[in-house]
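# Descriptive structure summary
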Amino acid sequence: ASAVEIRKVNKYYGPFHALKDVDLSIPPGKVTCLIGPSGSGKSTLLRCINFLEEYDSGEIRIDGQLIGYETPGRKMSGRKLREMRRSIGMVFQQFNLWPHMTAKENVAEGLIRVRGLSKAEAETRAAEALTKVGLADKMENHPSRMSGGQQQRVAIARAIAMEPRLMLFDEPTSALDPELVGEVLNVMKTLASEGMTMVVVTHEMGFAAHVADQVAFMEKGELVAVDSPQGIFHAP
Ligand code: ADP
Ligand code: ADP
């Protein structure tokens, strides 16, 4: 079964038709890259997956369960939606870290507030997540003392510490200086090799070509091609 099943999804911003009958299956344990020109609807589609954007018709199922709606057209409660979102990690272009907290506190905060862990348990798990993204020696630093690449790795650690079943990345390297892009892509590559289900909106064609299992190409709100990287990048 698919980790995420997107069926005939349409999304309008007022009169503007932003997603047009989008169909896409996200296989579990694989990396799907969403590519295409700016304004083609990639970010909108990604945000529909965790219902940060409401879609207007069609269905999106996470592990078989409809997200955002109880039944087509009838919205689910905020509580149910929050519960579903707990299994979905999201990393944005902007890192959105709390400036007054250390890296470790940034990662631990959600574990305390959302998962109800004690401060000690949360900090142990935060330390593990930060070690995994290569920041064992930066745990006590505040974001202002870290590079953009390090801050984005803290944001990834914050998401994976929650043990998500699915990770969504929205142009995670677009705000970074070019020399810092690789360290973030490498962390994502490690997650991929461990079997994390990932959907990644990116302009990094090297990453899409070499790390993705599936590439979906969008244009003007339509998914115009879905194929292996070989099929997308080396089509005859
Ligand atoms: P991409 O991620 O491919 O660059 P987006 O999903 O961000 O594209 O945007 C797709 C289209 O929808 C663009 O034309 C954009 O201007 C429009 N759009 C995105 N968000 C909004 C919004 N909140 N209100 C109105 N139009 C929007
Ligand atoms: P771009 O061409 O977009 O600048 P890169 O080619 O530098 O991107 O690669 C981006 C990511 O893909 C990096 O994480 C890199 O490690 C990985 N990558 C690049 N080439 C290969 C390859 N041949 N095999 C596996 N991974 C690769």
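For the structure given in this document, a descriptive report is provided here. (Residues numbered from 1 in each chain as written. Chains lettered and ligands numbered in written order. Predicted model: local features only at pLDDT ≥ 70, side-chain atom pairs only at ≥ 80, totals over all residues. Heavy atoms only, no water.)

Another point: the packing of helix H5 (residues 148-160) against helix H6 (residues 178-193). Where H5 meets H6, the closest approach of the two axes is 8 Å, and the angle between their N-to-C directions is 20°. Comparing their axes, H6 and H5 come out roughly parallel. Helix-helix and strand crossings are classified by hand; for H5 and H6 the assignment is right-handed. Taking contact as the criterion, the partners of Gly148, Gly149, Gln150, Gln152, Arg153, Ile156 and Ile160 in H5 are, on H6, Leu180, Glu183, Val184, Val187, Met188 and Leu191. Here the contact of H5 with H6 is composed, by residue class, of seven nonpolar, four polar and two charged. (Axes fitted to C-alpha atoms, helices over the stretch in contact; angles between N-to-C directions. Helix = DSSP H or I, 4+ residues; strand = E, 2+ residues; numbered from the N terminus. Parallel < 35°, antiparallel > 145°, perpendicular 65-115°, else oblique. Left-handed = near helix turned anticlockwise from the far one by under 90°. Contact = heavy atoms within 4.5 Å. Nonpolar A, V, L, I, M, F, W, Y, C, P; charged D, E, K, R; others polar.)

Around ligand 2 sit Leu185, Asn186, Lys189, Glu204, Met205, Gly206, Phe207 and His210, and those are all the residues in its vicinity. The contact in question runs from an oxygen atom of ligand 2 to an N or O atom on the side chain of Asn186, over 3.5 Å. Between ligand 2 and Glu204, the relevant distance is 3.2 Å, taken from an oxygen atom to a side-chain nitrogen or oxygen of the residue. Taken by itself ligand 2 offers 550 Å² of open surface, and the protein chains cover 50% of this. Of all the secondary structure elements, the ones that give two or more residues to the shell around ligand 2 are H6 and helix H7 (205-210). Broken down by element, the residue count for the shell around ligand 2 peaks at four residues, all from H7. Considered class by class, the residues forming the shell around ligand 2 number three nonpolar, three polar and two charged. (Near = heavy atom within 4 Å. Polar contact = N/O pair within 3.5 Å; in protein donor to acceptor, adjacent residues only side chain to side chain. Areas by Shrake-Rupley, 256 points an atom, 1.4 Å probe, with all protein chains shown as cover.)

What the four strands build is an open sheet, ordered S2-S1-S4-S5; its pairing is antiparallel. If you trace the sheet from one side to the other, it starts and ends with strand S2 (16-26) and strand S5 (65-66), each paired once. Bridging between strand S1 (residues 4-13) and strand S4 (residues 57-62) involves five bridges; their strand directions are antiparallel. What sits directly across from Arg7, in S4, is Glu59. Across the sheet, helix H1 (residues 42-49) touches S1, S2 and S4, and the angle it forms with S1 is around 120°. (Pairing = 2+ DSSP bridges.)

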